[in-house]
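This is what each chain is made of:
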Amino acid sequence: IVYANDLNPESYRYLEINRKQNHCEKYLHCFNQDGRQFILDLLEKNIEFDEVIMNLPQSATSFLDVFIGLQTRLGPDKYAMWSNRLPRIHVYAFST
């Protein structure tokens with residue numbers, strides 16, 4: 001199952017169109033949210049994820065703070081689902 005998020009309404013619209021055209025509605029869940037709020041909502045709903053791909057090279061690194069202090073923010077019960085394996089985070093950025 002894939003949880004995809006894009007803040008850009010036009011990108012989100014095409015994500016939904018492609019999801020339908022490729023008949024993968026059952027496996028692809030699309031969201032149109034701020035990146036930080038998207039991650040926090042998944043965690044709040046106890047939705048486990050293994051990989052996070054942050055493909056906005058201009059500002060992806062500015063969203064990494066959402067993962068800092070998760071244990072404190074979520075509490076021990078919700079954080080327990082990550083105790084054996086934390087998600088792998090892929091960040092794409094420009095180099096200078």
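Located above this text is the structure these notes cover.
Residues numbered from 1 in each chain as written. Predicted model: local features only at pLDDT ≥ 70, side-chain atom pairs only at ≥ 80, totals over all residues. Heavy atoms only, no water.

Caption draft 1: Layout of the overall build of the protein. Along its length, the protein carries four helices and four strands. The N-to-C order of helical and strand elements in the protein reads β-α-β-α-β-α-α-β. Its C-alpha atoms put the protein at 40 × 40 × 20 Å along the principal axes. Here the protein holds 96 residues, and 26% of them are scored as buried. Within the protein, contacts between residues separated by at least 24 positions form 72% of all contacts whose residues are at least 6 apart in sequence. Element-wise, carbon and sulfur atoms account for 53% of the exposed surface of the protein, whose accessible area totals about 7,000 Å². Within the protein, the 12 negative side-chain charges are centred at a point lying 3 Å from the centre of the 10 positive side-chain charges. (Helix = DSSP H or I, 4+ residues; strand = E, 2+ residues; numbered from the N terminus. Buried < 20%, exposed > 50% of the residue type's maximum accessible area, 1.4 Å probe, protein only. Contact = heavy atoms within 4.5 Å. Areas by Shrake-Rupley, 256 points an atom, 1.4 Å probe, with all protein chains shown as cover. Lys, Arg positive; Asp, Glu negative; His and termini not counted. Charge placed at Lys NZ, Arg CZ, Asp CG, Glu CD.)

Caption draft 2: A look at helix 2 (residues 35-44). Phe38, Ile39, Asp41, Leu42 and Leu43 are the residues of helix 2 that are buried. Buried residues along helix 2 sit in contact with strand 1 (2-5), strand 2 (28-31), helix 3 (70-74) and helix 4 (76-79). Where helix 2 begins, the side chain of aspartate 34 points an oxygen toward the backbone nitrogen of arginine 36, at a separation of 3.1 Å. Within two residues after helix 2, asparagine 46 carries a phi angle of roughly 60 degrees, on the positive side. (Polar contact = N/O pair within 3.5 Å; in protein donor to acceptor, adjacent residues only side chain to side chain.)

Caption draft 3: Geometry of the state of the cysteines. Scanning the model with the defined rule gives zero disulfides in all. You can see cysteine 24 has no disulfide; the closest cysteine sulfur is in cysteine 30, sitting 7.7 Å from it. (Disulfide = S-S within 2.5 Å.)

Caption draft 4: Layout of the environment of phenylalanine 49. Tracing the backbone shows phenylalanine 49 in the loop between helix 2 and strand 3 (51-54). Considering only alpha carbons, one finds phenylalanine 49 and leucine 86, 37 residues apart in sequence, at a separation of 8.7 Å.

Caption draft 5: Quick peek at the environment of aspartate 34. Structurally, aspartate 34 is set in the loop between strand 2 and helix 2. For the pair formed by aspartate 34 and aspartate 65, sequence separation is 31 residues and the distance between their alpha carbons is 13 Å. Apart from the residues lying within four places of it in its own chain, the contact partners of aspartate 34 are Asn5, Leu7 and Phe63. A distance of 3.2 Å separates the side chain of aspartate 34 from the backbone nitrogen of glutamine 37, its partner in a polar contact.

Caption draft 6: Molecular detail of the nonpolar core. Ranked by internal contacts, the top residues of the largest apolar core, which has 15 residues, are Ile39, Leu43, Phe49, Met54, Phe67 and Leu70. Secondary-structure elements contributing two or more residues to this core are helix 2, strand 3 and helix 3. Residue contributions to this core peak at four residues, all from helix 2. The residues touching phenylalanine 67, leaving out its near neighbours within four places in the chain, are Ile39, Phe49, Val52, Met54 and Ile89. (Core = buried A, V, L, I, M, F, W, Y, C linked by side-chain atoms within 4.5 Å.)

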